[in-house]
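Summary of structural features
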Amino acid sequence: MKKKFNLAPVFFVGPHLILFIVFILLPTIYGIYASFTKWNLLGAPEWVGLDNYKTIFFDSTSTFHTQFFRGLRNTLMFVVLTVPLLIIIPLMIAVALEHKKVKAKSLMQSILYLPGLISISAAALIWSLIFNKQLGITGNVFGSETVWASHQPYAWIMIVVLTLWGGVGGNMIIYRASISGVGQDLYESADLDGAGPIRKFFSITLPSINFPLIYTFVMTTAGAFNVFGQPLMLTKGGPQESTSVLMMYIRKLAFGSGESIAGMASAMAVLLGVVILIISALQYYLMNRKSA
Amino acid sequence: MSNQAVVDLKKNTNVTPKKGGKISISKYVAYLFLIILCLLWVIPVIFGITTSFRSQTEVVSSGFRLLPENWIMENYVAILENTSTAPILRWLYNSVFIAVSHTLLVVVVISITGYGYSRMKFKGRDTLFFTLLGISFFPGVVNLIPSYKIIDALGWVNTAWAMVIPGLAGMGNIFLVRQFMNGIPKELDESAKVDGASDFRIYFSIILPLVKPILIVCALFSFTGSWNDFLWPVIVYTDVVKMPVTAGLLLLQDIYGNYRMIGQLMGSAILAIIPTLLLFLFAQKYFVQSINLNAGIKG
């Protein structure tokens, strides 16, 4: 006897499956395909094989070659500058907040979390006021005569500060929840052995929150590779394109005014995607192995 | 703080057994660190707010002050009157409409889909789920340009649909809901099934009330995520009237003449953060609720 086909799962899983196919699967496949084409976004893409990739990698006279490697270098710069701080500072906050004798925890946690709710464009407007030579804090309080957005290393400092201000809250909450889940009996027996706070941190806290650490490290890094809003709003990619990140070039090539070079932009996007995937996998592998 | 306390700390960190050493300098270190950070975190917002109540002459001439000499409302009046180049109320309305519709749909989609992948039995269920999850790890930057083409083909450029619908396809929230539902005892719905309840009935009357906490958390993050999205609206919207406020603010730097109207610029930024701040005040305990990844893994 053949069992009657059950329609119910189709109803429950089907709608999202369609959304997934239309808005994630097909665009991803098409994005990879488009990277092998010459495409102006309007007409049909014209297959050119590996031409885009060859240009990006080997044609040092081409602007695409220059833009890709400059964009990648600046993106990596952002990742290297922000990711360690986005792990370490939230961890320090979480440990401080978990201190038994500290009061007003939820008020302080809220203050530190709040900037994460402020959109990058509003946050950037506020911070560019602070970094304004005439009007802001850097000029008036610290007497800095420099226009920060157009001088290095100040342009990077602005971007890093804005990123930290908005970014530490999310990781802090994950760490805090994880640390509060660590068994109190572990700390109590450490107290009996006379272990100090630093010793307890490295011997108990850190090993116990191993998974949250891996998770936030991988996610924060992958997120940092997609950086776009901070340099666009604060420095417009300057000075001398030293903060122009890859996402800015990809957007300009695909959607900017003038000629759209969507095939080339797709190739750069695929390469950025591959870099993110490799680094995420590597992080996951290395951290998992170390802790095992 | 006495020197004695410093000595105590040194002893403590050196693992010298000093049972019940009561004076804990670590408390003061923690306080100092937290208070400095909190000040650094809150001053920019205060400075932005007070500057929005300053006249341009005061901003330029008076040097740094945290509070204005004269509180003025003119900046806000000017912002609200400028409905042609910077229609901020319209942008705020767009953002609220987009974020609310997106959030409501997210809750519907993730609860239904989570039920499907967690509580129902069908062939290849887990294979399908983990395949989708695996694909979704592929960085979104690759599908950015084709996604725009799809939105364009659907006629959704410069409409709210472009912001509301594509984000529903994500897997992150569904993963969380599925994990949460897996923790609910199977006997609950199995006995209901024996009594002849349909899947829809079980979903609606039994599972949905039980997963409310995780749905609230997902809803809040979806709302703020949608509200603060920047790259996608900057790509999808060219029509000033239709765009959400995040994209609108990008235009302001030019509209307000590169800081020649700093009060208006700050006022606009402040208006743009009010809705998420209000949401946070009302739903604070859910925002900062424990997201304990350790428990998620072991449990």
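All values derive from a computational prediction rather than experimental measurement. (Residues numbered from 1 in each chain as written. Chains lettered and ligands numbered in written order. Predicted model: local features only at pLDDT ≥ 70, side-chain atom pairs only at ≥ 80, totals over all residues. Heavy atoms only, no water.)

1. Quick look at the overall build of chain A
Along its length, chain A carries 13 helices and two strands. The C-alpha radius of gyration of chain A comes to 24 Å, more than 25% above the 19 Å expected for a compact globule of 292 residues. Principal-axis analysis of the C-alpha atoms gives chain A an extent of 85 × 70 × 35 Å. Going through the 292 residues of chain A one by one, you find that 54% of them count as buried. For chain A, restricting intrachain contacts to residue pairs at least 6 apart in sequence, the fraction spanning at least 24 positions comes to 65%. Carbon and sulfur atoms make up 67% of the accessible area of chain A, which amounts to about 13,400 Å² in all. Both charge centroids of chain A, one from 20 positive and one from 11 negative side chains, sit 6 Å from each other. (Helix = DSSP H or I, 4+ residues; strand = E, 2+ residues; numbered from the N terminus. Rg over C-alpha atoms; globule rule 2.2 N^0.38 Å. Buried < 20%, exposed > 50% of the residue type's maximum accessible area, 1.4 Å probe, protein only. Contact = heavy atoms within 4.5 Å. Areas by Shrake-Rupley, 256 points an atom, 1.4 Å probe, with all protein chains shown as cover. Lys, Arg positive; Asp, Glu negative; His and termini not counted. Charge placed at Lys NZ, Arg CZ, Asp CG, Glu CD.)

2. Examining the pattern of salt bridges
By the definition in use, this model includes nine salt bridges over all chains. When the shortest N-O distance is used, the salt bridge between Lys200(A) and Asp191(A) registers 2.7 Å. Residue Glu58(B) is joined to Arg54(B) by a salt bridge in which the shortest nitrogen-to-oxygen separation is 3.8 Å. Residue classification places Glu58(B) among the buried positions, given a relative accessible area of 6%. For Arg54(B), a relative accessible area of 3% puts it in the buried group. (Salt bridge = Lys/Arg side-chain N within 4 Å of Asp/Glu carboxyl O.)

3. Here we look at a nonpolar patch on the surface
Residue and element names in this part refer to chain B. Together, Ile46, Leu66, Leu67 and Trp71 make up a nonpolar patch on the protein surface, roughly 390 Å² of accessible area in all. With respect to the helices and strands, the residue Leu67 is situated in the loop between α3 (56-61) and α4 (74-81). What makes Leu67 exposed here is its relative accessible area of 53%. (Patch = residues over 30% accessible without salt bridge, like charges linked within 9 Å, V, L, I, M, F, W, Y side chains within 5 Å.)

4. Some thoughts on the nonpolar core
Soluble globular proteins: nonpolar side chains tend toward being buried together. Counting 169 residues, the largest nonpolar core has Ile93(A), Ile250(A) and Met268(A) as its most contacted members. If we skip the residues at most four places from it in the chain, Met268(A) touches Ile56(A), Phe64(A), Phe68(A), Leu246(A), Ile250(A) and Leu253(A). (Core = buried A, V, L, I, M, F, W, Y, C linked by side-chain atoms within 4.5 Å.)

5. Looking at helix α2 (residues 25-51) of chain B
In a regular helix each residue adds 1.5 Å, so 27 residues correspond to 39 Å; α2(B) covers 39 Å between its end C-alpha atoms and thus fits that length. Helix geometry: α2(B) is bent most strongly at Val42(B), by close to 30 degrees, with proline Pro44(B) lying one to four residues after it. (Expected span 1.5 Å × (residues − 1). Bend = angle between axes of the 7 residues up to and from the residue.)

6. Quick word on the packing of helix α10 (residues 186-194) of chain B against helix α11 (residues 199-210) of chain B
Residues and elements named next belong to chain B. In the contact formed by α10 and α11, the axes pass within 10 Å of each other and the chain directions differ by 150 degrees. Relative to α11, the element α10 is oriented roughly antiparallel. Of the two elements, α10 crosses α11, and the hand of that crossing is right-handed. Only Asp199, Ile202, Ile206, Ile207 and Leu210 of α11 make contact with α10, whose side of the interface consists of Leu188, Asp189, Ala192 and Lys193. When its residues are assigned to classes, the contact of α10 with α11 shows six nonpolar, no polar and three charged. (Axes fitted to C-alpha atoms, helices over the stretch in contact; angles between N-to-C directions. Parallel < 35°, antiparallel > 145°, perpendicular 65-115°, else oblique. Left-handed = near helix turned anticlockwise from the far one by under 90°. Nonpolar A, V, L, I, M, F, W, Y, C, P; charged D, E, K, R; others polar.)

7. Topic: the environment of Ile276(A)
If you trace the backbone, Ile276(A) turns up in helix α13 (residues 262-291). Under the relative-accessibility criterion, Ile276(A) is labelled buried at 4%. In contact with Ile276(A), other than residues within four places in its own chain, are Ala222(A), Phe225(A), Asn226(A) and Pro139(B).

8. Description of helix α4 (residues 105-113) of chain A
Among all positions of α4(A), only Lys105(A), Met108(A), Gln109(A), Ser110(A), Leu112(A) and Tyr113(A) are buried. Looking at the buried positions of α4(A), the neighbouring elements they touch are α3 (63-97) and α7 (154-180) of chain A together with α2, α12 (212-228), α15 (262-282) and α16 (284-287) of chain B.

9. Thoughts on the interface of chain A and chain B
At the interface, 98 residues of chain A touch 98 residues of chain B. Both faces combined, the contact of chain A with chain B buries some 8,600 Å², and carbon together with sulfur accounts for 79% of it. Here chain A and chain B share 16 residue pairs in polar contact (both at pLDDT 80 or more) between them. Looking at the side of chain A that touches chain B, the element that brings in the most residues is helix α1 (residues 8-34) of chain A, giving 18 residues. In terms of residue class, the side of chain A that touches chain B is made up of 70 nonpolar, 23 polar and five charged. (Buried area = accessible area lost by both parts, 1.4 Å probe. Polar contact = N/O pair within 3.5 Å; in protein donor to acceptor, adjacent residues only side chain to side chain.)

10. What to know about the packing of aromatic side chains
On inspection of all chains with the given rule, the structure shows 35 aromatic pairs over all chains. When the centroid spacing of 4.8 Å and the interplanar angle of 35 degrees are considered together, the rings of Phe12(A) and Tyr115(B) count as tilted. Remark: Tyr115(B) occurs in helix α5 (residues 88-118) and Phe12(A) occurs in helix α1; the pair is interchain, linking two chains. For the residue pair Phe12(A) and Tyr115(B), the accessibility class agrees, reading buried in each case. Ring plane angle 65 degrees and centroid distance 6.4 Å describe the contact between Phe57(A) and Phe68(A), whose orientation is recorded as edge-to-face. (Phe/Tyr/Trp six-rings, centres within 6.5 Å; stacked < 30°, edge-to-face > 60°.)

11. With respect to the confidence of the model for chain B
Residues and elements named next belong to chain B. Residues with a pLDDT of 70 or more make up 87% of chain B, whose mean pLDDT is 86. For residues 1-21, every residue scores under 50 in pLDDT, and the model assigns this stretch 25 contacts once sequence neighbours within four places are set aside. Across residues 295-299, confidence stays below pLDDT 50; counting only partners more than four residues off in sequence or on other chains, it has two contacts. For this predicted complex, the interface score ipTM comes out at 0.89, alongside a pTM of 0.89. (pLDDT = per-residue confidence, 0-100.)

12. A closer look at the packing of helix α5 (residues 120-130) of chain A against α15(B)
For the pair α5(A) and α15(B), interaxial distance at closest approach is 9 Å and the crossing angle is 145 degrees. α15(B) is crossed by α5(A), and the crossing has left-handed handedness. Counted together, Ala122(A), Leu125(A), Ile126(A) and Leu129(A) of α5(A) and Ile262(B), Leu265(B), Met266(B), Ala269(B), Ile270(B), Ala272(B) and Ile273(B) of α15(B) form the full contact between these two elements. Across the contact of α5(A) with α15(B), the residue classes break down as eleven nonpolar, no polar and no charged.

13. Some thoughts on unusual backbone geometry
All names here are of chain A. In the segment running from Gln152 into Pro153, the intervening peptide bond is cis, with an omega of 5 degrees. Backbone geometry at Ala104 places phi at a positive 60 degrees, although glycine is not the residue there. Checked against the element boundaries, Ala104 lands in the loop between α3 and α4. Here Ala104 falls in the partly exposed class, since its relative accessible area comes to 44%.

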